[in-house]
Amino acid sequence: MMKKKYFLNAHIIDPKNSLDEVGGLIINENGKIDAVGKKVNKNNIPSREKYIDLGNKHLFPGIVDMRVFVGEPGYEYKENFKTLSNAALSGGVTSVVTMPNTSPIIDNVSIVDFLKRRGRDKSKINIYPTASLTKNLEGKNMTEFGLLQKKGIIGFTDGIKTIQNSRLMSRIMRSAFDLGSLVMQHAEDIDLAENGTVNDGIISTKLGLQGITELAEKIIIERDLSLLEDFNCRYHISQISSAKSIEVIKKRKNDINFTTGVSINNLSLNENDIGDFRTFLKLSPPLRTEDDRLSLVEALNKNLIDVIVSDHKPEDEESKRLTFAQAATGASGVETLLPLALELYHNESVKLFKIIETLTSNPAKILNIDKGNLSIGNDADFCVVDINKPWIVKKEKLISKSKNTSIENKKLQGKVLNTYIKGEELYKL
Amino acid sequence: MAISNKAIKISQKHLLGIQDLSIKDINYILNEAKNFITLNKSKSKKIDILRGKTQINLFFEPSTRTQSSFELAGKRLGADVMSMNITNSAIKKGETLIDTAMTLNAMHPDIIVIRHQDSGACNLLSQKVNCAVLNAGDGRREHPTQALLDALTIIDRKKKIEGLKIAICGDILHSRVARSNIYLLNMLGAEVNIIAPSNLMPRDLDKLGINKFTDMKKGVTDCDIVMMLRLQNERMSSSFLSSNREYYEYYGLTPDKLNFAKDDALIMHPGPMNRGIEIDTKLADDMNKSVIKEQVELGVAVRMACLKLFCE
């Protein structure tokens, strides 16, 4: 049993409980939240107890990152649970949803026990594993949603792959509807996107790279939303990247229940950042135009996008030191998710409250977990952040095992000072 | 040999693309090449300005004319030229481009000429080696020496480029020649018409300052030059066109389509040609209109100029 902990003078933002005020936080001996908010001040604290004065630094619920790739099992050289956990903690992330694209693929109950055990033993953060929608990610036969869920699988996705077959997708939705399962789709029509590596436009034309039209994303979203008219299961579009997709979402938002995510990369960068074939910016979905990026920011503000994810995809240097066409896709980003998101606050694109909402309470609601909030009685998972602290991203300083950051040398403002899980300080800058 | 002006230097260390060059650089290369045209026609074609220098030709994609042109250019300047045929190299054993580059770099070459099927391969190579890198074609991106030799050919015949109307027709999507030519001809003040079926037209190409046409007759109207490109069937993964004969009907250069161009219009083609698919075989061989052979001839001169200037 730990000692009670008292924090005072924090700027607390807890979107789930509509808190945005200066106040304190009291954590009990079990690592649960006893009291929170402006009513917590010096007078609530027994005089013999020590307290921590946060001097107006920000205090947010622990971040829930809905899209994280971990190399375990099979690709431990890229990232294991321990390195992922340490990287996440340094970025204020206390809960992650892991993708099933491992080796072997998470597609049957026998591997889930192993995964849960490794996750529990090696990592200090909360790990919520997903399983694949189809066996071996082949897009043919669906996995056992019901049995996998009972073992602790939080949702279903083929991760970097899309269910292309419309009949299969409709059947997946029916099963998910019956079983209450969460379906997360990576929206990309494979035939339209084939061999594509960047946005289809002036950059692909100039660089001589095969482009991926934004229609590849839009078509899958349109199809899935149409299929949802019949069986409206829990459905989440993992990430969107373009203005065209937002048009579709806007049209259907009122008659169908679904949610939408966006990668911090697509919110913060555009195709011009690829520059001279920077393979660390080879991403899926690809970075698109500045107009697309601005549309995504606007959609976030208009509640058309529900969550921001890191799309953390650790890749070793070797798989990135290749020509653009041959290089691996994805960027490491779990530890820079919050600082990069804060850029949207500093450049006055998005309100701070909104950013925190899309990083904490919104993903928790979609996942149906009691995380990402500071409710009384809940686990004290939170981070203390100096939102103004300037720093420069350097890949050699990253904690993740893979250093493939999309924002090398970027000047950021905002750094996590401490991260707590169940009331225990697990990270300190 | 004319005297080159030592005060002028190319602004780039490597020749990766026309995009990176200034007009000054281009004129410098073209002027230098003009000197070599004379040399190449003389009885003794060999000089020794690159004596003691090592040139490695690194060709990951099959090529006859570009590779032999670079090889000959290097030899005529007195360099030691090694041509690496990648089919019997370590790449096939799983070695990456970077590994190969590091290995070659350890042999202290002065210049590496690279052709690769991936766009940007030469950029990657240039970041890893100490010597100058000359791009002999990377994926669909650029083929700078081809554009330079095309420009030299046009200047040789038309005495200028500024103000000319030039049509480039064919498989633009997969063409590095088209991209390099668009940059170069634009820079030198030509008006560029690009003609291709929509399936072979890259997106947003008009942002590069060209006129787009899907109707070949309209596209070649009043043009001084009609440059035909090869249909790159080997790069086509799925159905871009219904058939070669339909393509020939609409986009093949035939006398009736050429009639829309100026009377003294010249025909160009970077080769190798698909006769009867993108160009009528008689037109290709028409001594009065076709400068295709001259392009090959001047190619050696342009490559000599590039080797010399980038080796300095």
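Residues numbered from 1 in each chain as written. Chains lettered and ligands numbered in written order. Predicted model: local features only at pLDDT ≥ 70, side-chain atom pairs only at ≥ 80, totals over all residues. Heavy atoms only, no water.

Colleague: Mind showing me how you'd approach the sheet that holds strand β9 (residues 266-268) of chain B here?
Modeller: Within a beta sheet, neighbouring strands are joined by backbone hydrogen bonds and run either parallel or antiparallel to one another. Residues and elements named next belong to chain B. Read across the sheet, 5 strands follow the order β7-β6-β5-β8-β9 without closing on themselves; strand pairing throughout is parallel. Of all strands in the sheet, those with a lone pairing partner are β7 (211-213) and β9, marking the two edges. The average angle at which neighbouring strand axes cross in this sheet is 20 degrees, direction not considered. In terms of strand pairing, strand β6 (residues 191-195) meets β7 through 3 bridges, oriented parallel. The residue of β7 that forms the bridge with N193 is N211. (Pairing = 2+ DSSP bridges. Helix = DSSP H or I, 4+ residues; strand = E, 2+ residues; numbered from the N terminus. Axes fitted to C-alpha atoms, helices over the stretch in contact; angles between N-to-C directions.)

Colleague: Help me understand a nonpolar patch on the surface in this model?
Modeller: Residues A:L192, A:L215 and A:I219 make up a contiguous nonpolar surface patch of about 220 Å² in total accessible area. Assignment of secondary structure puts A:L215 in helix α7 (residues 215-228). (Patch = residues over 30% accessible without salt bridge, like charges linked within 9 Å, V, L, I, M, F, W, Y side chains within 5 Å. Areas by Shrake-Rupley, 256 points an atom, 1.4 Å probe, with all protein chains shown as cover. Salt bridge = Lys/Arg side-chain N within 4 Å of Asp/Glu carboxyl O.)

Colleague: Before we go on, may I ask you to explain the packing of helix α5 (residues 144-158) of chain B against helix α6 (residues 176-187) of chain B in this structure?
Modeller: Each pair of packed helices can be summarised by the angle the axes make with each other and by the distance between the axes. Residue and element names in this part refer to chain B. The N-to-C vectors of α5 and α6 enclose an angle of 55 degrees; their axes lie 8 Å apart at closest approach. Relative to α6, α5 is oriented oblique. For the crossing formed where α5 meets α6, the hand is right-handed. Of α6, the residues touching α5 (which contributes P144, Q146, A147, L148, D150, A151 and I154) are V177, S180, N181, L184 and L185. Of the residues contributing to the contact of α5 with α6, the split by class is 8 nonpolar, 3 polar and 1 charged. (Parallel < 35°, antiparallel > 145°, perpendicular 65-115°, else oblique. Left-handed = near helix turned anticlockwise from the far one by under 90°. Contact = heavy atoms within 4.5 Å. Nonpolar A, V, L, I, M, F, W, Y, C, P; charged D, E, K, R; others polar.)

Colleague: Please clarify how the interface of chain B and chain A should be interpreted in this entry.
Modeller: The partner chain A presents 19 residues to the 23 residues of chain B that form the contact. For the pair chain B and chain A, the summed buried surface comes to about 1,800 Å²; carbon and sulfur atoms form 50% of the total. Our count for the contact surface shared by chain B and chain A stands at 2 salt bridges. Linking B:R203 and A:D200 is a salt bridge whose minimum nitrogen-to-oxygen distance equals 3.6 Å. (Buried area = accessible area lost by both parts, 1.4 Å probe.)

Colleague: Got a minute to help me understand unusual backbone geometry in this structure?
Modeller: For residues besides glycine, phi is generally negative; the peptide bonds are generally trans as well. All names here are of chain A. Cis geometry is adopted by the peptide bond preceding P73, which originates at E72 and carries an omega value of 0 degrees. Considering the arrangement of structural elements, one finds P73 in the loop between β6 (63-68) and α1 (81-90). With a phi angle near 70 degrees, N56 is a residue other than glycine that sits in the positive phi range. One can find N56 in the loop between β4 (52-53) and β5 (58-61). Residue classification places N56 among the partly exposed residues on the basis of a relative accessible area of 47%. (Buried < 20%, exposed > 50% of the residue type's maximum accessible area, 1.4 Å probe, protein only.)

Colleague: Would you mind going over the packing of α5(B) against helix α11 (residues 292-311) of chain B with me for this structure?
Modeller: Residue and element names in this part refer to chain B. Two elements in contact, α5 and α11, have axes separated by 8 Å at closest approach and are oriented at 120 degrees. Classified by the interaxial angle, the pair formed by α5 and α11 is oblique. As for the relative orientation of α5 and α11, their crossing is right-handed in sense. Together, T145, Q146, L148, L149, D150, L152, T153, D156 and R157 of α5 and E294, Q295, L298, G299, V302, R303 and C306 of α11 make up the contact between the two elements.

Colleague: When you look at helix α4 (residues 166-179) of chain A in this model, what are you seeing that I'm missing?
Modeller: Residues and elements named next belong to chain A. Taking 1.5 Å per residue as the helical rise, α4 with its 14 residues ought to reach 20 Å, and the 20 Å between its terminal C-alpha atoms agrees with that figure. Every buried residue belonging to α4 is among L168, M169, S170, I172, M173 and A176, and all of these are buried. On its buried side, α4 packs onto α3 (145-150), β10 (182-185), α7 and β13 (234-237). Two or three places before R167, at the opening of α4, N165 has a side-chain oxygen 2.9 Å from that residue's backbone nitrogen. Positive backbone phi, at 70 degrees, marks G180, one or two positions downstream of α4. (Expected span 1.5 Å × (residues − 1). Polar contact = N/O pair within 3.5 Å; in protein donor to acceptor, adjacent residues only side chain to side chain.)

Colleague: Where do I start with the packing of aromatic side chains in this structure?
Modeller: We describe a pair of aromatic rings using the distance from one ring centre to the other and the angle between the two ring planes. Residues and elements named next belong to chain A. Tallying each qualifying case throughout the model produces 8 aromatic pairs over all chains. Considering the side-chain rings of F7 and Y420, the 5.3 Å spacing of their centres and the 80 degrees angle between planes classify their relative orientation as edge-to-face. Pair noted here: F7 is in strand β1 (residues 5-14) and Y420 is in strand β17 (residues 411-421), with a separation of 413 residues, a long-range link. An aromatic cluster is defined as three or more aromatic residues linked by ring pairs; in this entry it consists of F7, F382 and Y420. A cation sits over an aromatic face here: K78 above Y75, 4.9 Å from the ring centre. Over the face of the ring belonging to W391 we find K415, whose NZ or CZ atom lies 3.8 Å from the ring centre. (Phe/Tyr/Trp six-rings, centres within 6.5 Å; stacked < 30°, edge-to-face > 60°. Lys NZ or Arg CZ within 6 Å of the ring centre and 35° of its normal.)

Colleague: Would you mind going over the sheet that holds strand β2 (residues 80-85) of chain B with me for this structure?
Modeller: All names here are of chain B. One open sheet holds the 4 strands; their spatial order is β2-β1-β3-β4, and the pairing between them is parallel. In this open sheet, the two strands that pair with only one neighbour each are β2 and β4 (132-138). For this sheet the average axis-to-axis angle between neighbouring strands, irrespective of direction, equals 15 degrees. Of the strand pairs in this sheet, strand β1 (residues 54-59) and β2 are connected by 6 bridges, and their pairing is parallel. Note that in β2 the partner of I56 across the bridge is M82. Of the strands in this sheet, β1, β2 and β3 (111-116) are in contact with helix α3 (residues 97-105), which crosses β1 at around 165 degrees.

Colleague: What am I meant to see in the nonpolar core here?
Modeller: Nonpolar side chains in soluble globular proteins tend to be buried together. Ranked by size, the top nonpolar core spans 160 residues in total, and within it A:Y235, B:I168 and B:F310 carry the most contacts. Examining the composition of this core, we find that 11 residues originate from one element, α11(B), more than from any other. Here B:F310 is in contact with B:I10, B:Q12, B:K13, B:H14, B:L15, B:L21, B:I29, B:I111, B:A132 and B:L134, once residues within four sequence places are set aside. (Core = buried A, V, L, I, M, F, W, Y, C linked by side-chain atoms within 4.5 Å.)

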